Amino acid sequence: MPRIGPRVKPNAPQLRMALNRVLGDSAKPRFNSNPHRLTTHVTGYPASIRNRMKAAALTHVQLASTFTSTMTNYSGKLIKASPIPDCSSVILVEFARPPVNAFSEGMWGELRIIFDSISRDGAVRAVVLGSSLPKFWTAGLDLIEAAGPNSAITAPMGGDPSRRSLGLSAHILDFQDAISAIERCRQPVVAAVHGLALGLAVDILCACDIRYAAENSNLCIKVRVQTDVKSYEQEVDIGMASDIGTLARISKIVGNESAVRELALTARPFGASEALSIGFVNKVVKGGRDEVLAAAIDTAKLIASKSPIATIGTKHLLLHARDHTVRDSLEYTATWNSLMLQSDDAKDAFAAFTTKKPTVFKPMPKL
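Residues numbered from 1 in each chain as written. Predicted model: local features only at pLDDT ≥ 70, side-chain atom pairs only at ≥ 80, totals over all residues. Heavy atoms only, no water.

Tallied over the full model, the rule gives 0 disulfides. With no disulfide of its own, Cys-206 lies closest to Cys-208 among cysteine sulfurs, the gap being 8.9 Å. Residue Cys-206 is classed as buried on the basis of its relative accessible area, which comes to 4%. (Disulfide = S-S within 2.5 Å. Buried < 20%, exposed > 50% of the residue type's maximum accessible area, 1.4 Å probe, protein only.)

Structural data, given as structure tokens:
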């Protein structure tokens, strides 16, 4: 049985979760007598695919060990994350991979670990997602890496087409899961988009709860590559449908199905005002990066002042309602609130209403 990775310190469930996300149903992970030594059988794939899957699993395990060692500091090498100075319950997460924040595999691996870690932190009540670069939110997928010899897309694969497709499918599902970490984060996530936001940027925005755009925002449901700031106008289109979340989510965000199909099929760029008119964003802020971040932070602070039981429950129930019938959602909400109404938050809120005093809600436990 091959050993995946060096000795690391995350606990067994975290390692098992990381490996399962990479290998899916093909993996049968288990811990032997040494809990820091993860072993697995990977069956059904050619050796080239197995090796690439094991390397991806190792990357996630190593990232987990990095982030779990200092749970109060969520910053990685390519994404910065830190509390707002005057409101420690709000975390600002910023893409930080110059020159254009193009997403490499390491970057979306960091994104997943950061948001999954924040989700388990009971002291955090809201998240703002932005970019540290003044002109770029993100240029999307790093096509230079994607076209490289070690890419899961271009690397030679052994075996027949069916087995090769299973390996590539595992890679796509892993990528989808990383971006979905934003959606499954328990705390509400407020996106503050500015400048160029291309391709994968729209996938990421669709996974956020609230979207604000600076008036200089330029969005596109398209995969492009920019090598540097001076040549950002040079684009490369990929002959494929968007597969990381936009097509699955945007129709449930935007009420205009015709507009969704036009933007997806033509892949033409659209600005902040058009994004507002079709309901993809709910606020356009005059200015650029600093101004839209300030607006998003103000909203995040307001959310953070509310009961965490209420905000977490509201996000959870809205996501459930999106994917279920009205009747199912009503019944589920009744079950959910039959427990949540017994919280101290509800009692404190009712008491504050009668005494006319502000309520200070207790933090959630760290998971």
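Turning to the sheet that holds strand S6 (residues 136-138), a few remarks are in order. In any sheet, the strands associate via hydrogen bonds between backbone groups, in a parallel or an antiparallel arrangement. In space, the 4 strands of this open sheet follow the order S6-S8-S10-S11, with mixed pairing throughout. Only two strands of the sheet have a single neighbouring strand rather than two, namely S6 and strand S11 (270-271). In this structure, S6 lies alongside strand S8 (residues 196-198), joined through 2 bridges in parallel fashion. By the bridge assignment, Phe-136 is partnered in S8 with Leu-196. (Pairing = 2+ DSSP bridges. Helix = DSSP H or I, 4+ residues; strand = E, 2+ residues; numbered from the N terminus.)

Further remarks concern the packing of helix H3 (residues 105-119) against helix H5 (residues 161-184). Two numbers describe how H3 lies on H5: the axes approach to 8 Å, and their chain directions differ by 40°. The angle between H3 and H5 falls in the class oblique. Here H3 runs over H5; the crossing is left-handed. Contacts between H3 and H5 involve Glu-105, Trp-108, Leu-111, Arg-112, Phe-115, Asp-116 and Ser-119 from the former and His-171, Asp-174, Phe-175, Asp-177, Ala-178, Ile-179, Ala-181, Ile-182 and Arg-184 from the latter. Taken together, the residues that form the contact of H3 with H5 break down as 8 nonpolar, 2 polar and 6 charged. (Axes fitted to C-alpha atoms, helices over the stretch in contact; angles between N-to-C directions. Parallel < 35°, antiparallel > 145°, perpendicular 65-115°, else oblique. Left-handed = near helix turned anticlockwise from the far one by under 90°. Contact = heavy atoms within 4.5 Å. Nonpolar A, V, L, I, M, F, W, Y, C, P; charged D, E, K, R; others polar.)

Function cannot be inferred from these measures alone, as they are strictly geometric.
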